[in-house]
Amino acid sequence: MSNSLAGIVTLIYTLVVLVLLYMTYAMSGKLAPRRKEPSKDNLYSCGEEPTPFAVPRTFTLTYFKYILIFSLFDVVPILVILSVSLIHPLSIMEYLLVSLYILVSAMAAIIIVR
Amino acid sequence: MSLLWVFNDPILAIIYLILFPGFIFILILSLIFEWYKRKVIARMHSRMGPTYTGNRGMLQPFADFIKLLFKEDIRVQEADHPVIDLTLLLAPAIMITLIAIFIPWFGTPFYSFTGDVIIIYMLFSLVSTLIFLVGWSVKSPFTRIGALRLLLQVAGFDIASLLLLAVPIAETGSLSIASIAGQMPYILLQKPLYLIPHAIAFILFIVSQQAEMEEDPFDIPHAETEIVAGHVTEISGRRLAFLNFFRDLQLLFVGVFTGSIFIGVPFQGIQTPFTWIGNLLILLIEAALILFILFVIEAAAARIRISDLLEFFWHNVIPISMVIISLTLIIKGIVG
């Protein structure tokens, strides 16, 4: 009755759910009506001519900095979470170190974004 | 106590996997939460909401789900259909598994380990983000803009919501959902100083979850009337049914996860049938109350711009989260 066995059973559970969902999906595909019509192949475009290649391929530069900072700062919460979970109630040094770390991260985030 | 005794008996195992708390029970529960959402929002709008199917329209989400399954699945030429199909099958499957493993169905979660709070929340966040593939796989300006907006939105709220998770973790000193949920009510009662940072963290966390679920005022990726339906514009029939089902699962997850982490359950670890049922009922009531707040916000608020969302989370919520974590640590230093 180990935790690793529970992990395997969880994986089996996911597969069972996936199979059940797939069966529902496939059954629906067989039973739903299919009426071929050329206009159904086209993209929806509010009554205008569809423009499938007029699609944005790049991010707006203004927002790019958010993505860049996001990729750097997404690691910070995990480190914060791991740090705060390991603190012992009586260790003042641990509190100081983690608080300092959080403060520096907050200041860095504010300075970079502004 | 592990729940693996269930799997010693094949019949019990099948019941567990398929009926309760497996696929069918979670499907029913999530559709009930959809009905609850539609009723609350309708009341806020001075409407009746679903009334026709079932008692007080309770079966309306079931009827809608079945109706959509038997509608024509219109597939445009300019799209990568296998990617859309795979996304819409995998996303609900992973969500059902996440819900099934951390809820204390029989007094204890099926699978609990140190760090599960991070893993389960990050998987939820990842699966919610993966929905952008549904829009990105269609060569329509509306779907592509919706998909890009979704990614930008994630860049806004994801760090904030992860940081806010650090508050209950710091209070309890645990990285396991079961342990946090079990300790939380007693910690808040015994150490009321925690209540101030805890309440602020709770409010900010549910606001970030509103953004995660793409609900008003953060429904920017699928902004109706502005970019048609954003990343889900070309979805119909069974694919729309699966997408709606996924949205219902998101509702259920947000309710029970936030309830477990920020409010907790009082009888965790006490192994009697009464406490099993009690814990489950308390958790579902907590989920309903948390979602009620979210539905009221949804019904009352108008959509904000993506730049405002990013500014709100980066300039306000993230710095406040850092301050709250520091405050929680200081309180922990004082009260132990």
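(A) Just the overall build of chain A, in detail. On a plain count of helices and strands, chain A comes out with four helices and zero strands. For chain A, the sequential pattern of α-helices and β-strands runs α-α-α-α. A total of 114 residues make up chain A; the buried ones form 18% of that total.

(B) Fine view of the overall build of chain B. Within chain B one finds 12 helices and zero strands. The linear arrangement of helices and strands in chain B, starting from the amino end, is α-α-α-α-α-α-α-α-α-α-α-α. Relative to a compact globule of 336 residues, whose C-alpha radius of gyration would be 20 Å, chain B shows 20 Å and is just as compact. The dimensions of chain B, computed from C-alpha atoms along their principal axes, are 60 × 55 × 40 Å. A fraction of 78% describes how many contacts in chain B between residues 6 or more apart in sequence connect residues 24 or more apart.

(C) Just the nonpolar core, in detail. Judged by nonpolar contacts, the single largest core of 126 residues is most densely connected at Met95(B), Ile99(B), Leu163(B), Ala166(B), Phe253(B) and Ile325(B). Per-element tally for this core: the top contributor is helix 7 (residues 141-172) of chain B, with 19 residues. No fewer than three residues from each of domain 1 (1-32) and domain 2 (58-114) of chain A sit in this core.

(D) Just the confidence of the model for chain A, in detail. Taken residue by residue, chain A gives an average pLDDT of 73. The fraction at 70 or more is 67%. The least confident element of chain A, judged by mean pLDDT, is helix 2 (residues 61-73) of chain A at 69; the most confident is helix 1 (residues 3-31) of chain A at 84.

(E) Looking closely at helix 7 of chain B. All names here are of chain B. Under the 1.5 Å per step criterion, the end-to-end length of helix 7 is 47 Å for 32 residues, consistent within 8% with the ideal 46 Å. In the structure, helix 7 departs most strongly from a straight axis at phenylalanine 157, where the bend amounts to approximately 30°. Counting buried positions along helix 7 gives 31 out of 32 residues, so the element sits mostly inside the fold. Immediately beyond the C-terminal end of helix 7, within one or two residues, lies glycine 173, with a positive phi of roughly 70°.

(F) Up close: helix 2 (residues 23-44) of chain B. An ideal rise of 1.5 Å per residue puts 32 Å on 22 residues; helix 2 of chain B measures up with 32 Å between its terminal C-alpha atoms. All buried positions along helix 2 of chain B are accounted for by Phe23(B), Ile26(B), Leu27(B), Ser30(B), Leu31(B), Phe33(B), Glu34(B), Trp35(B), Tyr36(B), Lys37(B) and Lys39(B).

(G) Representation of the interface of chain A and chain B. Contacts between chain A and chain B engage 60 residues on the former and 63 residues on the latter. Those elements that provide at least two residues to the side of chain A that touches chain B are helix 1, helix 2, helix 3 (75-85) and helix 4 (92-113) of chain A. Examining the composition of the side of chain A that touches chain B, we find that 18 residues originate from one element, helix 1 of chain A, more than from any other. Of the residues contributing to the side of chain A that touches chain B, the split by class is 44 nonpolar, 11 polar and five charged.

(H) Representation of the environment of Ser174(B) within the structure. Positionally, Ser174(B) belongs in the loop between helix 7 and helix 8 (177-190). The exposure class assigned to Ser174(B) is partly exposed, which follows from the 19 C-beta atoms found within 10 Å. Residues in contact with Ser174(B), not counting those within four places in the same chain, are Ser85(A), Ile169(B), Ser179(B), Ile180(B) and Gln183(B).

(I) Local environment of the confidence of the model for chain B. Averaged over chain B, the pLDDT score is 85; the fraction of residues at 70 or greater is 96%. Complex prediction metrics read pTM 0.88 and ipTM 0.85.

(J) Representation of the environment of Val167(B) within the structure. Residue and element names in this part refer to chain B. In this structure, valine 167 sits in helix 7. Judged by C-beta crowding, with 27 C-beta atoms within 10 Å, valine 167 ranks as buried. Sequence-distant contacts of valine 167, defined by excluding residues within four places in its chain, comprise Pro197, His198, Ala201, Ile324, Ile325 and Thr328.

(K) Local environment of unusual backbone geometry. Residues and elements named next belong to chain B. Despite not being glycine, arginine 56 has its phi angle at roughly 55°, a positive value. If you trace the backbone, arginine 56 turns up in the loop between helix 2 and helix 3 (60-69). On the basis of neighbour count, arginine 56 is assigned to the partly exposed category, with 14 C-beta atoms found within 10 Å. Located in the positive-phi region is glutamate 214, a residue other than glycine, with phi close to 60°.

(L) Fine view of the packing of helix 5 (residues 116-130) of chain B against helix 7 of chain B. All names here are of chain B. Where helix 5 meets helix 7, the closest approach of the two axes is 11 Å, and the angle between their N-to-C directions is 165°. Put simply, helix 5 runs roughly antiparallel to helix 7. Seen along the crossing, helix 5 lies across helix 7 with a hand that is right-handed. Contacts from Val117, Tyr121, Ser125 and Thr129 of helix 5 reach helix 7 at Val154, Asp158, Leu165 and Ile169. Looking at the contact of helix 5 with helix 7 residue by residue, the classes come out as five nonpolar, two polar and one charged.

(M) Spatial organisation of the environment of Asp308(B). Relative to the helices and strands, Asp308(B) is located in helix 12 (residues 306-335). The sequence separation of Asp308(B) and Ile101(B) amounts to 207 residues, and the corresponding C-alpha distance is 36 Å.

Reading the values: the criteria
- Residues numbered from 1 in each chain as written.
- Chains lettered and ligands numbered in written order.
- Predicted model: local features only at pLDDT ≥ 70, side-chain atom pairs only at ≥ 80, totals over all residues.
- Helix = DSSP H or I, 4+ residues; strand = E, 2+ residues; numbered from the N terminus.
- Buried ≥ 20, exposed ≤ 12 C-beta atoms within 10 Å, placed from the backbone.
- Rg over C-alpha atoms; globule rule 2.2 N^0.38 Å.
- Contact = placed C-beta atoms within 7 Å.
- Core = buried A, V, L, I, M, F, W, Y, C linked by C-beta atoms within 7 Å.
- Domains from an automatic or database assignment.
- pLDDT = per-residue confidence, 0-100.
- Expected span 1.5 Å × (residues − 1).
- Bend = angle between axes of the 7 residues up to and from the residue.
- Nonpolar A, V, L, I, M, F, W, Y, C, P; charged D, E, K, R; others polar.
- Axes fitted to C-alpha atoms, helices over the stretch in contact; angles between N-to-C directions.
- Parallel < 35°, antiparallel > 145°, perpendicular 65-115°, else oblique.
- Left-handed = near helix turned anticlockwise from the far one by under 90°.

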